[in-house]
Amino acid sequence: MRNRCLAVIVCLAIFAATSVTTGCRGYFSEERHDYRSRTIQADRERMSDDWDWIWGLDEPATTHERTFPPHSY
């Protein structure tokens, strides 16, 4: 039991050291911050289109088509 616990702790320590030294390298960079800002802004701009799609308002209603009477040409 003690050997297993020690092995788990060693593996977690190696994983933590590897992720800190390689995985978090560019997380706070200016380039990444700009990318996140542009992504958030684009998502906010598309939010109204998403709500229209959810409610089914993205296509015109059939009552406004010009092919139905009295607007048929």
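Anything mentioned here points back to the structure above.
J.: Tell me what's going on with a negative patch on the surface, and back it up with residues and numbers.
T.: On the surface, Asp49, Asp50, Asp52, Asp58 and Glu59 cluster together into a negatively charged patch. When you line up the elements, Asp49 lands in helix α2 (residues 30-55).

J.: Outline α2, supporting the account with residue identities and numerical values.
T.: Under the 1.5 Å per step criterion, the end-to-end length of α2 is 38 Å for 26 residues, consistent within 8% with the ideal 38 Å. The principal kink in α2, of about 40 degrees, is found at Arg46. Just downstream of α2, Gly56 is the residue with a positive phi angle, here 80 degrees.

J.: Hey, could you go over a nonpolar patch on the surface for me, with residue numbers and the actual values?
T.: A cluster of nonpolar residues, Met47, Trp51, Trp53, Ile54, Trp55 and Leu57, forms a patch on the protein surface that exposes about 800 Å² of accessible area. You can see Leu57 is positioned in the segment after α2. Residue class for Leu57 comes out exposed when judged on its relative accessible area of 59%.

J.: Tell me what's going on with the environment of Tyr27, and back it up with residues and numbers.
T.: Within the secondary structure, Tyr27 sits in the loop between α1 (2-23) and α2. On the accessibility criterion, Tyr27 (41% relative accessible area) is partly exposed. Beyond its immediate sequence surroundings of up to four residues, Tyr27 is in contact with Arg32 and Arg36.

About the criteria used
Residues numbered from 1 in each chain as written. Predicted model: local features only at pLDDT ≥ 70, side-chain atom pairs only at ≥ 80, totals over all residues. Heavy atoms only, no water. Patch = residues over 30% accessible without salt bridge, like charges linked within 9 Å, V, L, I, M, F, W, Y side chains within 5 Å. Areas by Shrake-Rupley, 256 points an atom, 1.4 Å probe, with all protein chains shown as cover. Salt bridge = Lys/Arg side-chain N within 4 Å of Asp/Glu carboxyl O. Lys, Arg positive; Asp, Glu negative; His and termini not counted. Charge placed at Lys NZ, Arg CZ, Asp CG, Glu CD. Helix = DSSP H or I, 4+ residues; strand = E, 2+ residues; numbered from the N terminus. Expected span 1.5 Å × (residues − 1). Bend = angle between axes of the 7 residues up to and from the residue. Buried < 20%, exposed > 50% of the residue type's maximum accessible area, 1.4 Å probe, protein only. Contact = heavy atoms within 4.5 Å.

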